[in-house]
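A look at the structure
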Amino acid sequence: AQSVAQPEDQVNVAEGNPLTVKCTYSVSGNPYLFWYVQYPNRGLQFLLKYITGDNLVKGSYGFEAEFNKSQTSFHLKKPSALVSDSALYFCAVRDNGKAAGNKLTFGGGTRVLVKP
Amino acid sequence: GAVVSQHPSWVICKSGTSVKIECRSLDFQATTMFWYRQFPKQSLMLMATSNEGSKATYEQGVEKDKFLINHASLTLSTLTVTSAHPEDSSFYICSADLSVYEQYFGPGTRLTVT
């Protein structure tokens, strides 16, 4: 079974400082990894994904994430956080093995609060 | 990017009534759509996988007779909450597969059962 862990319920950072949101995963096959952001009372917005290739993935709004196979991690990063980045962030994994189907498994979410 | 819509965005209903929520992929066809439920300050819980032209696949613990899913076309899936009760109050989110690499989410529907 596949699983995702986001160890931090909340991350606080000052505007202009680097932002990191942690994610580790577990799958039986090779992972497809995703980051989504959710604003209050809204659905999920796609930020970036790792399928294959370069371990550093660049996405929307200046976010990037680094795939680390040995540590089974896919941490989300932004060099300089903005107040508007305050939201709920979800890491998700999809096992590319046939038995897993197309289901996305989500982490518990990390609330990011960027203070001015 | 691809757009998924949901209707209604917010619905209040009385206990015992049924509510239908629509999920549409606006600019692409989706063989597979998914329905999630989200409680306040919690993650998304997959309820069921909806496949066009066939029966939905429900996750363990989800009552298929209570949460009826119909995927009648490649752009529309519906979730009907039958005989709703206050404990069914939640935020329901659908998503649609553009490919195995890309899943797009609707804006969500907040259901309140009084």
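Attention in this report is confined to the structure presented alongside it.

Analysis parameters
- Residues numbered from 1 in each chain as written.
- Chains lettered and ligands numbered in written order.
- Predicted model: local features only at pLDDT ≥ 70, side-chain atom pairs only at ≥ 80, totals over all residues.
- Heavy atoms only, no water.
- Helix = DSSP H or I, 4+ residues; strand = E, 2+ residues; numbered from the N terminus.
- Rg over C-alpha atoms; globule rule 2.2 N^0.38 Å.
- Buried < 20%, exposed > 50% of the residue type's maximum accessible area, 1.4 Å probe, protein only.
- Contact = heavy atoms within 4.5 Å.
- Areas by Shrake-Rupley, 256 points an atom, 1.4 Å probe, with all protein chains shown as cover.
- Lys, Arg positive; Asp, Glu negative; His and termini not counted.
- Charge placed at Lys NZ, Arg CZ, Asp CG, Glu CD.
- Salt bridge = Lys/Arg side-chain N within 4 Å of Asp/Glu carboxyl O.
- Buried area = accessible area lost by both parts, 1.4 Å probe.
- Nonpolar A, V, L, I, M, F, W, Y, C, P; charged D, E, K, R; others polar.
- Phe/Tyr/Trp six-rings, centres within 6.5 Å; stacked < 30°, edge-to-face > 60°.
- Pairing = 2+ DSSP bridges.
- Core = buried A, V, L, I, M, F, W, Y, C linked by side-chain atoms within 4.5 Å.
- Disulfide = S-S within 2.5 Å.

Before going further, it helps to spend a moment on the overall build of chain A. Scanning chain A for helices and strands turns up zero helices and twelve strands. For chain A, the α and β elements follow one another from N to C terminus as β-β-β-β-β-β-β-β-β-β-β-β. Taken against the 2.2 N^0.38 rule, which gives 13 Å for 116 residues, the C-alpha radius of gyration of chain A at 14 Å falls within 12% of a compact globule. Considering only C-alpha atoms, chain A reaches an extent of 45 × 30 × 20 Å along its principal axes. Evaluated residue by residue, chain A yields a buried proportion of 44% over its 116 residues. For chain A, the share of sequence-separated contacts (at least 6 apart) that also reach a separation of at least 24 residues comes to 57%. As displayed, chain A offers around 5700 Å² of accessible surface, 48% of which is attributable to carbon and sulfur atoms. Both charge centroids of chain A, one from 12 positive and one from 8 negative side chains, sit 7 Å from each other.

Glancing now at the pattern of salt bridges. Residues and elements named next belong to chain A. In this structure the tally under the stated criterion is six salt bridges over all chains. Across the pair lysine 78 and aspartate 85 runs a salt bridge whose closest N-O atoms are separated by 2.9 Å. Each member of the pair, lysine 78 as well as aspartate 85, is classed as buried.

Turning next to the interface of chain B and chain A. Every contact between the two is made by 23 residues of chain B and, on the other side, 20 residues of chain A. A combined buried area of about 1600 Å² lies between chain B and chain A, and 55% of that area is made up of carbon and sulfur atoms. Interface area lost by chain B to chain A is led by Val100, Tyr101 and Phe105 of chain B, which between them contribute 32%. In this structure, the connection of chain B to chain A is made through two salt bridges. Between glutamate 59 of chain B and lysine 103 of chain A there is a salt bridge, with its nearest N and O atoms 3.2 Å apart. Going through the elements one at a time, strand 4 (32–38), strand 5 (44–51), strand 9 (90–99) and strand 10 (102–105) of chain B are the ones with two or more residues in the side of chain B that touches chain A. The element best represented in the side of chain B that touches chain A is strand 9 of chain B, accounting for four residues. By residue class, the composition of the side of chain B that touches chain A is ten nonpolar, eight polar and five charged.

To describe a pair of aromatic rings, one takes the distance between the centres and the angle between the planes. Residues and elements named next belong to chain A. Using the criterion set out here, one finds 14 aromatic pairs over all chains in the structure. Between the aromatic rings of tyrosine 36 and phenylalanine 106, the centroid separation amounts to 6.0 Å while the plane-to-plane angle is 50°, which identifies the pairing as tilted. One end of the pair, tyrosine 36, is in strand 5 (residues 31–38); the other, phenylalanine 106, is in strand 11 (residues 105–106), with 70 residues separating them in the sequence. Of the two residues examined, tyrosine 36 and phenylalanine 106, each falls in the buried class.

Another point: the pairing of strand 7 (residues 67–73) of chain B. Residue and element names in this part refer to chain B. Bridging between strand 7 and strand 8 (residues 76–81) involves five bridges; their strand directions are antiparallel. The residue of strand 8 that forms the bridge with serine 73 is leucine 76. From the end of strand 7 to the start of strand 8, which pair antiparallel, there are two residues.

In this structure, Leu19, Trp35, Leu47, Leu48, Phe74, Leu76 and Tyr89 of chain A are the most contacted members of the largest nonpolar core, which totals 27 residues. Of all the elements in the fold, those that place two or more residues in this core are strand 2 (10–14), strand 3 (19–21), strand 5, strand 6 (44–50), strand 8 (64–68), strand 9 (73–78), strand 10 (87–95) and strand 12 (110–115) of chain A. The contact partners of phenylalanine 74 of chain A, leaving out residues within four places of it in the chain, are Cys23, Leu33, Phe34, Trp35, Leu48, Lys49, Tyr50, Ala65, Glu66 and Phe67 of chain A. Judged by nonpolar contacts, the second largest core, of 26 residues, contains Ala2, Ala48, Leu79 and Tyr92 of chain B.

Residue histidine 7 of chain B is joined to proline 8 of chain B through a cis peptide bond whose omega torsion reads 0°. The topology assignment puts proline 8 of chain B in the loop between strand 1 (4–7) and strand 2 (10–13). Residues other than glycine seldom take positive phi values, yet tyrosine 61 of chain A does so here, at roughly 60°. By secondary structure assignment, the location of tyrosine 61 of chain A is in the loop between strand 7 (56–58) and strand 8. Tyrosine 61 of chain A sits in the exposed class, given a relative accessible area of 53%.

Residues and elements named next belong to chain A. Applying the stated criterion across every chain yields a total of two disulfides over all chains. Covalent S-S linkage joins cysteine 23 and cysteine 91, the inter-sulfur distance amounting to 2.0 Å. Measuring the twist about the S-S bond at about -60°, one finds the cysteine 23-cysteine 91 disulfide to be left-handed. Of this pair, cysteine 23 sits in the loop between strand 3 and strand 4 (24–26) while cysteine 91 sits in strand 10, and the two are 68 residues apart along the sequence.

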